[in-house]
Amino acid sequence: MDSKYQALFTPWKIRDVEIKNRIVLCPMGGTSLFGWMEPNHFDKEAANFFLERAKNNVGLIIPGIAPIRDTIGGRWLYQNKKMFRELKAYMEKIHATGAKLFVQITAGMGRSWGISDEVVHLHKNPVLRVLAKPILDTNYQMASPSVLPSRWAEGITCPEMTLKQIEEIIEAFGKTAALCKEAGVDGVEVHAVHEGYLLDQFAMKYTNHRKDAYGGSFENRYRFAAEIVKNIKKVCGNDYPVSLRYSVISKVKDFCYGALPGENYQEIGRDMEESEKAAKFLQDAGYDMLTLTTAPTTPGTGLTRPCICPRTVT
């Protein structure tokens, strides 16, 4: 083996979890173990995909996002106990390969929730919206830190998330992480102070105009993400690894307008100065690893260059 590749095959640790090498399969869209738009379930096709990668010497696997609450039907992840029993049997197969696996859970999309033309018509009709609420609650799916325009649908306004909704999500992360730990999952990753999703919208001044404890100051804007990890640690113990998907710089110059590489622009999201402060704040809150990404290589594609940054590497 060429000596320049030897470091790839050395072990490292996140808390007490040792990973056999430095090959990490980062989250990809459409690869959730628990489904995505459909009601949450143990996805055998995704499970087989990851098991095959584990057999081919990937050290750490992080599947794609699992919504903390179903898009269709509104069931919380932690309410599907059968799914976690299936996950437990699956984790035995993953561990037999020597690989480790984290489950990535998303708090939501906020104004970035993808909304089709059909859903736009439903949302704009107050009668249909009420009738559809038990199946598809568009107000909940689009709930954002403040009243904001939708990222994907012109003329659609996203409502401000209530304190009760925030508290429910924080509690749900703890309950879900506890079930993951019980199933043998090696850690969880919180999605995400990253690329304009819900927790990122709370973190940035230009999307967070709240007047309560979750808006205004730097500490208040990052409070939601901090309280999620604190609750996970309270429920699962301080040694249970928790990662955070995190964008170093937003590369945003206006609503729906990203900056190109090398472009001269005024950053309205998170710049490097705030990012360094935020990374320290989030680590102090309890996150053991940041999965860092730069801005999209092509605006709107969501393509990023990931970098794993644990609290300590041995």
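Report follows, based on the coordinates.

Definitions and limits used
- Residues numbered from 1 in each chain as written.
- Predicted model: local features only at pLDDT ≥ 70, side-chain atom pairs only at ≥ 80, totals over all residues.
- Heavy atoms only, no water.
- Helix = DSSP H or I, 4+ residues; strand = E, 2+ residues; numbered from the N terminus.
- Rg over C-alpha atoms; globule rule 2.2 N^0.38 Å.
- Buried < 20%, exposed > 50% of the residue type's maximum accessible area, 1.4 Å probe, protein only.
- Contact = heavy atoms within 4.5 Å.
- Areas by Shrake-Rupley, 256 points an atom, 1.4 Å probe, with all protein chains shown as cover.
- Lys, Arg positive; Asp, Glu negative; His and termini not counted.
- Charge placed at Lys NZ, Arg CZ, Asp CG, Glu CD.
- Polar contact = N/O pair within 3.5 Å; in protein donor to acceptor, adjacent residues only side chain to side chain.
- Salt bridge = Lys/Arg side-chain N within 4 Å of Asp/Glu carboxyl O.

## A word on the overall build of the protein chain
Line of reasoning, step 1. Within the protein chain, the secondary structure is distributed over 10 helices and 14 strands.
Line of reasoning, step 2. In terms of overall size, the protein chain behaves like a compact globule, its C-alpha atoms giving a radius of gyration of 19 Å where 314 residues would be expected to give roughly 20 Å.
Line of reasoning, step 3. Once the C-alpha set of the protein chain is aligned to its principal axes, its extents read approximately 60 × 50 × 35 Å.
Line of reasoning, step 4. Burial status across the protein chain gives 51% buried among its 314 residues.
Line of reasoning, step 5. Considering only intrachain contacts with a sequence separation of at least 6, the fraction spanning at least 24 residues in the protein chain is 70%.
Line of reasoning, step 6. Summing over all exposed atoms, the protein chain offers an accessible surface of approximately 14700 Å²; the carbon and sulfur share of this is 54%.
Line of reasoning, step 7. Measuring between centres, the 40 positive side-chain charges of the protein chain sit 3 Å from its 36 negative side-chain charges.

## Remarks on the side chain of Thr106
Line of reasoning, step 1. As for its placement among the helices and strands, Thr106 is situated in strand E6 (residues 100-106).
Line of reasoning, step 2. Residue class for Thr106 comes out buried when judged on its relative accessible area of 1%.
Line of reasoning, step 3. Within the structure, the side chain of Thr106 is placed 2.9 Å from the side chain of His191, a separation counted as a polar contact.
Line of reasoning, step 4. Discounting chain neighbours no more than four positions away, the residues touching Thr106 are Ile65, Ala66, Pro67, Ile68, Phe173 and His191.

## Some thoughts on the pattern of salt bridges
Line of reasoning, step 1. Within this structure, the stated rule accounts for 11 salt bridges.
Line of reasoning, step 2. One salt bridge in this structure joins Lys82 and Glu86, with 3.4 Å as the shortest N-O distance. Residue Lys82 and its partner Glu86 are located together in helix H2 (residues 81-96), separated by 4 residues, close to a single helical turn.
Line of reasoning, step 3. A salt bridge links Arg221 to Glu274, with the nearest nitrogen and oxygen atoms 3.4 Å apart. In this pair, Arg221 is assigned in helix H8 (residues 218-221) and Glu274 in helix H10 (residues 272-285), connecting sequence segments 53 residues apart. Glu274 shares its class with Arg221; the two are buried.

Read these as spatial facts, not as claims about activity.
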